[in-house]
Each structure stands twice: as C-alpha cells, then as structure tokens.
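Architecture and fold: a report
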Amino acid sequence: MQRYKAPPPSKYLRLILLAGIFIAFYLAIFDYFYDLESRTIEHHLAVINDVAIRKPRALKKQITQFKLILFYTKFFNSQWLDYPRLGALRPPIFDGKFSFENCEIPWCEATYNKSRISEASAVGFHARDTPLSFEFPTVKNPYQIWFYYVMENPLNVELNNKTLNNKFNWTMSYRRDSEIHVPYGGYTLRTHTKKIKKSYAEGKSGFAVWMASNCGSNERNEYVKSLRRYIPVTVYGRCGDKVCPLPRRSLDCKRLLKKHKFYLAFENGNCLDYITEKYWENAIENEILPVVMGGADYSSLAIPGSYIDVTKFSSPQKLAEYLKYLDKNDTAYNEYFLWKEKYEQIAPKIACTLCKQLHNSSLIGKDRVYNDLEAFWGRHLCRSLNLNVN
C-alpha cells in the first residue's frame, strides 16, 4: 500500500497566503460599497433636512421612501411638461420614475392614472385645466398633498369662485413663497470664472424686437407705441405685423430673434415675482440684451448686470436715446454680457423640485390649506408702473 505523502510546508504557506489575500480583497470591496452607500444616504439627507445623519438605519428607510405623484388634470390638455434643459425641447414628465432619475432627490414616481389616487402622496391640478366648474375627487386621503399649479399671473387667472377654497395644501408657481417654487428660469455661479472674448453685437443687423400676442396690456402697448417713434422695433405675434415660425422655441424663430440687439421683455402684467420666458428664453437664452418691464424685483430675481429696466428712464424717448448709444458703442453693449464670466443660465427642473419638496421635512406633516386662494393669487398682487408713455 502506497503511503500518503504530505505536501511540503511551503505549499501550505502559499495556500494560506492566497486565502488571506482573497479574504482581505473581499473585505475591502465590501467596506468600500458599504461606505459609498452610507455617504450617499448622508448626502441626500443633508439636502433634505440640512442636518447630518444620526440614526442611519431608521433614516435610510424614511428618506428612500418613494412618493407617488398623481397628475390629476391635463396640462393644457396634454401631459405635464418638465424643463430639465435649455433649448427648444420641453419633454413631458413621463409616467413612472424616469423623469426623476437624475434628480438629487430621486425617490418619486409619476402617474396619470386616476385609479391610483388612494396610493398617491401628492395630487396635482393645473390651473387652466381646473375650471371653476371642475369636479374634484370626492374622497381625499388626510395625509395627501393637493397642489395647485399656476404659471399665469393673477390678471389672467379666474379665481372669483369659492369652489377652489379649502382644496389645496400647496401651490406650485413662479412665486417665491409657493411651497413648490418653479420659476421660468434661473442662474447659478460658475465653478470657475470664464473669460468672455466674444462680441455680442457682432452679426446683429436688427435693432429692437418684441414678441407679443396679448394686446390688451395697455401700459406696455402704449409704451411700445411711443418707443417706436424714436427707434425701430420689429413686432412678432398678434400685436404686430411679423410672424415667427411655430413653435415659438423653434430654431427658425430663434434665428429671427437673434438678429436683434435688444429684446423688449415687457410682461403682460406687473405682478409679484412675475418674470417669464420673455426675459429668460426670448432674450437671455438667445443672447439678446433684454429691456425689462414688470412688477417683479429684478434686482433679486434676474441675473445681475444682464438687463435694462425701463423704470430707470423718465420717458420712452430717454430710453431710446440710451439704446441708440449702446447700438453705436460695442464696448458698452458687451458690458451687459459680462455676467457670463461669473454666472451661467440654468433650466428650472420642475420634476426634481417637486420631488425634493415632497421629501422636505420642514413641509411634510404640517397642517396647511389655502382657505382663500384668491388672497394668495389675487389681482391685488399686480400694479401699474405709472410710466410716462409720451
């Protein structure tokens, strides 16, 4: 019988060493991913509550809970739109979790299926698709948030009916005091300053341009009428004689606007916080110098140094004289684009903002309801600028 021969000691040592290396590698990988998950949870919690994590296991379950958002009404008879990027494309908020995937707080799901209302954490109603005769759901979960989405200024929203009172917990609008603040545009500090070498006056053969279809706003219309006595103003839309190729954000329309040095970003209502696409898209996004008229505090909401305010001039003639000066002085004109060195324009991410607020511990759980919606969104929030239009 052949006797068993033990392997040399060096072979045992090699096996033990290999096993040790494998175990150490496995533990290192486990520790890395465990730490990565912990740091991710800490980051999201800091965004939500602005505090450091103290009880990771309990809080992880809380902050990763998905919120179902039911868009109960249409948005202008279609799906609700998101604004995740600049440019012509305005994608819808898709059914499911897709629209929230790149948000800093991604734990939300969208649905347009009304049969899921009992599951929903929040239910959205768009103002234009919620007429005064609208039939609301008969049963409301007491923990559910109903929010009223409105982006038109109060002069263009009908609220003189008590049926909308005591219905909504939150509002979603351009107003800074809305629970869900979704402005028409925004800007942020650049991570690194950028030296501007481009002349923004180059290639612009047109002088001033205005795009408007609401011709009933007397103050701004009279101002434009007077301004046209001193400078050329190209007018697109129902208030003028020119047509911009549809849709408004099309590349063809943008090309026409970009030929001009000045854009008249005159709002159709001088209302609190109301700065629309006239400033953010038609002017800023198209690299045209905006001349603004509105009721918002531009010094707080617009990009610093990016605009000319009509209220700073005693008359349309004085404004026209200043615009003529800028037209002949490229250096002075380009100073209104120096903001690009320090700031950059960003798109308002509606889906992300909505999801973030639904996880905001300072809002969730508080008993709030709009008993008088007209008090929050009434005509008293708009005013006349009392401009000299002669």
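Residues numbered from 1 in each chain as written. Predicted model: local features only at pLDDT ≥ 70, side-chain atom pairs only at ≥ 80, totals over all residues. Heavy atoms only, no water.

**Concerning the state of the cysteines**
Here the structure, examined in full by the defined rule, presents 5 disulfides. The disulfide partner of C244 is C253, and the gap between their sulfur atoms is 1.9 Å. Measuring handedness by torsion sign, the sulfur bridge of C244 and C253 sits at about 115° and is right-handed. Summarising the burial analysis for this pair, C244 and C253 share the class buried. Across the disulfide, C271 is cross-linked to C382 (sulfur-sulfur distance 2.0 Å). Between C271 and C382 the sulfur-sulfur dihedral comes to about 100°; the bridge is accordingly right-handed. With C271 in the loop between β10 (260–266) and α5 (277–285) and C382 in the segment after α11 (373–376), this residue pair connects regions lying 111 residues apart in the sequence. With respect to burial, C271 and C382 carry one shared label: buried. (Disulfide = S-S within 2.5 Å. Buried < 20%, exposed > 50% of the residue type's maximum accessible area, 1.4 Å probe, protein only. Helix = DSSP H or I, 4+ residues; strand = E, 2+ residues; numbered from the N terminus.)

**Remarks on the sheet that holds β10**
Spatial strand order, β9-β8-β10-β11-β12: 5 strands in an open sheet with parallel pairing. Unpaired on one side and paired on the other, β9 (233–236) and β12 (308–309) mark the two borders of the sheet. Across the sheet, helix α3 (residues 218–227) touches β8 (206–211), β10 and β11 (289–293), and the angle it forms with β10 is around 155°. (Pairing = 2+ DSSP bridges. Contact = heavy atoms within 4.5 Å. Axes fitted to C-alpha atoms, helices over the stretch in contact; angles between N-to-C directions.)

**Things to note about the confidence of the model for the protein chain**
The predicted model of the protein chain averages 86 in pLDDT, with 84% of residues at 70 or higher. The model gives residues 32–63 a pLDDT under 50, and that stretch makes 30 contacts with residues more than four places away or in other chains. (pLDDT = per-residue confidence, 0-100.)

**Focus: the environment of K204**
Following the sequence through the fold, K204 ends up in the loop between β7 (186–189) and β8. We classify K204 as buried; its relative accessible area is 13%. For the pair K204 and H260, spaced 56 residues apart in sequence, the C-alpha separation works out to 5.2 Å. The residues contacting K204, other than those within four sequence positions of it, are K258, K259, H260, K261, E287, I288, Y333 and F337. Within the structure, K204 has its side chain in polar contact with the backbone oxygen of Y200 (distance 2.8 Å). (Polar contact = N/O pair within 3.5 Å; in protein donor to acceptor, adjacent residues only side chain to side chain.)

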